[in-house]
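For reference, the chains in residue letters:
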Amino acid sequence: MSDTNRQSYSQREKEKTFEKEFLPHIDSMYNFAYRLTFDEDDAKDLVQDTYLKAFRFIESFEKGTNAKAWLFRILKNSFINDFRKKSKQPAKVDYQEVETFYNSEDVDKSITTDLRIETVQDMIGDEISNALNSLDVDFRTVIILCDLEGFKYDEMAKILDIPIGTVRSRLHRARNLLKERLNDYAQKMGYKN
Amino acid sequence: MTVSSTNSLEKGQVERSAEETPDHNECLKILSLVLDQEASDEEHAYFKKHVENCMPYYEIYNVDKAIKDMIKTKCISQDTPADLIDSIKSKIYQQAD
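Residues numbered from 1 in each chain as written. Chains lettered and ligands numbered in written order. Predicted model: local features only at pLDDT ≥ 70, side-chain atom pairs only at ≥ 80, totals over all residues. Heavy atoms only, no water.

**Quick look at the pattern of salt bridges**
The following threshold applies: Salt bridge, as used here: a side-chain nitrogen of Lys or Arg that lies within 4 Å of a carboxyl oxygen of Asp or Glu. With a 1.4 Å probe rolled over the protein chains alone, any residue whose accessible area is under 20% of its type maximum counts as buried; one over 50% counts as exposed, and the rest are partly exposed.
For the coordinates displayed, the defined rule picks out 15 salt bridges over all chains. A salt bridge links K48 of chain B to E52 of chain B; the nearest nitrogen and oxygen atoms lie 3.2 Å apart. A residue is classified by how much of its surface remains accessible, and K48 of chain B, at 51% relative accessible area, is exposed. When salt bridges that share partners are traced, they join D147 and R175 of chain A together with D36 and K68 of chain B into one network.

Here it is in structure tokens:
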């Protein structure tokens, strides 16, 4: 962020902005952090780091803009820079495959799972949650941001530092993978399709 | 892939496609846009004309919508630890002193 966008805050204003604009998002932040790390202590640390950074860099935050998106962006970056390194998890997603998805002939093949609306509605929630958690982190993230937190595509693009077209293709792929997992589950449990 | 080529459909492209047999790829893209409340008026019109009257695509739309609704209602299960806010505040105000 350039210096021209910086705001000047008094200490009191900083604290007021922090409490009124940042803290109300803590439940969403913790839920996101937990679904990234799957560990309560790591999620706590991640959220705490995020809020400390947000306070430290509060002058880069433009009043009246979307505080939640700004916080999610910091949390996502902290996760990539600090936690992913620590956990030594290699990035598993082949983006070439993801990003060319829309242009491929395969697009029709992967849409026809036999999953039916009645089957989805019969699921009790744990199945959905487990299926979501089973996705690779980059696919899991777009679904959380879009479906759970209700971010728009342009906000997601800013949070993730990717073009809107990539948001859309990644989301499309993530949903197909999620449906495949749910379909596998439905078949295992003997739901009728 | 550029932003402008995927961000929204060209108006002319929608109108031209609407006159002809619907392109399945376009149907899928528009289905997602409607689902995520990102569709323009033209895209809504295309959805109404082609997707709502096409059973396989309408079924996909409804399954996607059901999953989206389930995620929204069922995946917020983690209770934020009670001491987290106090811990954050104490660290910040400590720094400020």
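**Comments concerning helix α3 (residues 24-35) of chain B**
All names here are of chain B. The following threshold applies: Here a helix means four or more residues in a row that DSSP labels H or I, a strand means two or more in a row labelled E, and each is numbered from the N terminus. To estimate how far a helix should extend, the number of its residues minus one is multiplied by 1.5 Å.
With 12 residues, α3 ought to run about 16 Å at 1.5 Å a step, and its terminal C-alpha atoms sit 16 Å apart, in line with that. Among the 12 residues of α3, 11 are classified as buried, and the element is accordingly described as predominantly covered. Of the residues making up α3, those classed as buried are N25, E26, C27, L28, K29, I30, L31, S32, L33, V34 and L35. Directly beyond the C-terminal end of α3, a positive phi value near 55° is found at Q37.

**Quick look at the interface of chain A and chain B**
Our working definition: The contact rule is simple, with two residues in contact once any of their heavy atoms fall within 4.5 Å. Buried area, as used here, totals the accessible surface that two parts lose on assembly, with accessibility defined by a 1.4 Å probe and the loss added over both. The term polar contact refers here to a pair of N or O atoms within 3.5 Å; inside protein, the definition further demands a hydrogen-donor-capable atom paired with an acceptor-capable atom, and it admits residues adjacent in sequence only when both atoms are side-chain atoms.
Contacts between the two partners involve 51 residues from chain A, matched on the other side by 45 residues from chain B. Summing both sides of the interface, chain A and chain B together bury roughly 4,600 Å²; the carbon and sulfur share of this comes to 64%. Where chain A packs against chain B, one counts six salt bridges. One salt bridge in this structure joins E38 of chain B and K152 of chain A, with 3.9 Å as the shortest N-O distance. Where chain A packs against chain B, one counts 15 residue pairs in polar contact (both at pLDDT 80 or more). Those elements that provide at least two residues to the side of chain A that touches chain B are α1 (11-22), α2 (26-37), α3 (40-56), α6 (117-122), α7 (126-133), α8 (137-148) and α10 (164-188) of chain A.

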